[in-house]
Amino acid sequence: MSVSPFPEINVSPRILLGPGPSMADPRVLKAMSTPLIGHLDPEFLVLMNNMQAMLKQVMQTENPITLAIAGTGSASMEAAFANMLEPDDEILICINGYFGHRMVDMAQRYGAVVHTLSVPWGEVFQPQQIEDALRAHPNVRIVAVVHAETSTGARQPLDEIAQLIHARDGYLIGDTVTSLGGVAVRVDEVGIDVCYSGGQKALSCPPGASPITFSPRAIERIKARQNKVANWYLDVTMIGSYWGSERTYHHTAPISMNYALYESLRLILEEGLENRWQRHRENAQHLWAGLESLGMTLHVHEDYRLPTLTTVRIPEGVDELAVRKALLNDYNIEIGGGLGELKGKVWRIGLMGFSSRRENVALLLKALQELL
Ligand SMILES: *Cc1c(COP(=O)(O)O)cnc(C)c1O
């Protein structure tokens, strides 16, 4: 037997403080190395049931259809649109960053009539704006909003918007990929009809298994569809019968990813939801104060700033790419650059899940101070 000409995997010990992936908790990585068992093995089904119970607690919902999609956050996002939309359905999509545009692209692919509402990147929607848009488009039944815009660092309040939508017998789709596990996502209390997330942001998990939950009303809508869900892999009526008591084979559950998500949910419940949100808030406040004391300006108004993702304006005359390269090469720290409207204007700093640590904030601030 000869030695492979290809090198072993040997990556640097990065500190991931960008828009994702964030760092996986070592306990999650350990869980992933658990030997495989079958996806219909009684022992695996017990894990699935317990994972579902934990997911409901973390998402703060009683929805029976609460599960993990086999795929990254974009897969759970696509599951929301594929299941809720049929051709010619009218949808209102709120765009205040990159992910709003992705929602539009997905909804159009399922044949929906898409109406959009936009505010500048870094701002959030006021309930009156949603109300006006719903009045202008009375056939809209579905509204999609990003709770935590990873491209801008803005946190969209959802309570009042949900009420407005429900008053018109509509449904709210909420993207909580960058909030779940770091910022309160109270699915039932707020009234998010379809709420999806992803593993790799604030859940301290690698990308690959993504929570999603559907309200009983949303499930009724899906059951009353005229056409089959136009996406075989993400059809929640079929996936739901594997997660439900029927245990019908649909696709093989990604065993190791489910081990990972299981352990990450255990970690969240051990820490406690309130404690976890507070940790994210406190570390973000240290970061914000530190960046401001270095003379920098935060892009989002304090009232709507996300603890999990901070956008800071790039100081005048600074080569933003050179700084990011130096952070990576000399300090093993990854942060993100701006996207879309904010390209070249901001850095994006994530403090999510296992990455949200006081020592990471201190290290990043020191490194920036040395580089600037
Ligand atoms: C990261 C992200 C997604 C997509 O998740 P992937 O894991 O990259 O597929 C969707 N929405 C938001 C707000 C995100 O931050």
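Going along each chain's sequence as written, the residues are numbered from 1 onward. In view of the model being predicted, local features appear only for residues whose pLDDT reaches at least 70, and side-chain atom pairs are presented and counted only at 80 or more, with totals across whole chains, interfaces and linings using the full set of residues. Just so you know, side-chain values use all the structure's heavy atoms and leave hydrogens and water out.

Here we look at the overall build of the protein chain
Scanning the protein chain from terminus to terminus reveals 13 helices and 14 strands. C-alpha atoms define the radius of gyration, and 2.2 Å times the number of residues to the power 0.38 defines the globule rule. Taking 2.2 N^0.38 as the reference for a compact globule, 372 residues should give roughly 21 Å; the C-alpha atoms of the protein chain span a radius of gyration of 21 Å, in line with that estimate. With the C-alpha coordinates aligned to their principal axes, the bounding extent of the protein chain is approximately 65 × 60 × 40 Å. Counting over 372 residues, the protein chain shows a buried share of 56%. Contacts are assigned to residue pairs with any non-hydrogen atoms lying within 4.5 Å of each other. Within the protein chain, residue pairs in contact and separated by at least 24 positions form 73% of the contacts whose partners lie at least 6 positions apart. As displayed, the protein chain offers around 16200 Å² of accessible surface, 51% of which is attributable to carbon and sulfur atoms. In this tally, Asp and Glu contribute negative charge and Lys and Arg positive charge; neither His nor the terminal groups of the chain are included. Charged groups are reduced to one reference atom each: NZ for lysine, CZ for arginine, CG for aspartic acid, CD for glutamic acid. Considering the protein chain, the positive charge centre built from 32 side chains and the negative charge centre built from 41 side chains are found 2 Å apart. Secondary structure elements follow DSSP: runs of H or I of four or more residues count as helices, runs of E of two or more count as strands, with numbering from the N terminus. Type-normalised accessible area, obtained with a 1.4 Å probe on protein chains alone, sets the label of each residue: buried when under 20%, exposed when over 50%, and partly exposed for intermediate values. Every accessible area reported is derived by Shrake-Rupley at a probe size of 1.4 Å, with residue values counting cover from the shown protein chains alone.

Looking at the layout of surface pockets
Site definitions follow a grid-based scheme: protein atoms alone, a 1 Å grid, a 1.4 Å probe that fits but cannot get out for cavities, and for pockets an open set with protein on both sides within 12 Å along at least five of seven lines, plus lining residues having an atom within 4 Å of a point. Grid points are joined across faces, edges and corners, and a volume is the space filled by probe spheres set on the points. Approximately 430 Å³ is the volume found for the largest pocket. Lining the largest pocket are 23 residues, with His147, Arg155, Val183, Ala184 and Arg281 positioned closest to its centre. Of all the secondary-structure elements, those providing two or more residues to the lining of the largest pocket are α7 (187-190) and α11 (273-293). For the lining of the largest pocket, the element with the most residues is α11, which contributes six residues. For this classification, Asp, Glu, Lys and Arg are treated as charged, while Ala, Val, Leu, Ile, Met, Phe, Trp, Tyr, Cys and Pro are nonpolar and the rest, including Gly, are polar. Its residues placed into classes, the lining of the largest pocket shows 10 nonpolar, five polar and eight charged. By volume, the second largest pocket amounts to about 230 Å³. Taken together, 16 residues form the lining of the second largest pocket, with Ser74, Phe99, Arg102, Gln200 and Lys201 sitting closest to its centre.

Quick look at the domain arrangement of the protein chain
Its domain assignment divides the protein chain into domain 1 (15-21 + 272-371) and domain 2 (26-269). In this structure, domain 1 and domain 2 have C-alpha centres spaced 26 Å apart. Taken residue by residue, the interface counts 27 residues in domain 1 and 34 residues in domain 2. We define buried area as the total accessible area lost by two parts upon association, computed with a 1.4 Å probe and summed across both. Per-residue buried area on domain 1 facing domain 2 is highest for Trp277, Tyr304 and Leu306; these three make up 26% of the total on that side. Any Lys or Arg side-chain nitrogen found within 4 Å of a carboxyl oxygen on Asp or Glu counts as a salt bridge. The tally of links between domain 1 and domain 2 comes to one salt bridge. For Arg186, the salt bridge is made with Glu274, and the minimal N-O distance between the two is 3.8 Å. For each domain, the first and last residues come from an automatic or database assignment.

With respect to the site of the ligand
If even one non-hydrogen atom of a residue comes within 4 Å of a molecule or strand, that residue is called near it. In the vicinity of the ligand, 13 residues are found, and the nearest of them are Thr72, Ser74, Thr150, Gln200 and Lys201. Here a polar contact means two N or O atoms within 3.5 Å. Within protein one must be a hydrogen donor candidate and the other an acceptor candidate, and residues neighboring in sequence count only if both atoms are side-chain atoms. One nitrogen or oxygen atom from the side chain of Thr72 is found 2.6 Å from an oxygen atom belonging to the ligand. A distance of 2.3 Å separates an oxygen atom of the ligand from a polar side-chain atom of Thr150. Taken atom by atom, the bulk of the ligand overlaps the second largest pocket. More than half of a molecule's atoms within 2 Å of the grid points is what it takes for that molecule to sit in a cavity or pocket.

With respect to empty space enclosed by the protein
Evaluation of the coordinates by the stated rule reveals two cavities of 30 Å³ or more. Taken together, Ala68, Ile69, Ala70, Ile239, Tyr242, Trp243, His250, His251, Ala253, Pro254 and Asn258 make up the lining of the largest cavity. Elements that contribute at least two residues to the lining of the largest cavity include exactly β2 (65-70) and α9 (236-243). Here the lining of the largest cavity is composed, by residue class, of eight nonpolar, three polar and no charged. In this structure, the second largest cavity occupies an estimated 30 Å³ of space. If you trace the second largest cavity, you find it lined by Phe44, Leu47, Met48, Met51, Asn258, Tyr259 and Tyr262. For the lining of the second largest cavity, the secondary-structure elements that each account for two or more residues are α2 (42-59) and α10 (255-271).

Quick notes on the sheet that holds strand β14 (residues 346-350)
Pairing is antiparallel across the open sheet formed by three strands, whose spatial order is β11-β14-β13. The open sheet has two free edges, formed respectively by β11 (309-313) and β13 (336-337), since each of these has just one partner strand. Two strands pair under a simple rule: DSSP has to find at least two bridges between them. Sheet topology places β11 next to β14; five bridges connect them, and they run antiparallel. Residue Thr310 lies in a different strand from β14, and its bridge partner there is Ile349.

Side note on α2
Here α2 spans 26 Å end to end across 18 residues, near enough to the 26 Å set by a 1.5 Å rise per residue. All of the buried residues in α2 are Phe44, Leu45, Met48, Met51, Gln52, Met54, Leu55, Val58 and Met59. Its side-chain oxygen 2.8 Å from the backbone nitrogen of Glu43, Asp41 forms the N-cap of α2. Directly after α2, the chain includes Gln60, whose backbone phi takes a positive value near 55 degrees. Expected helix span is computed as 1.5 Å times (number of residues minus one).

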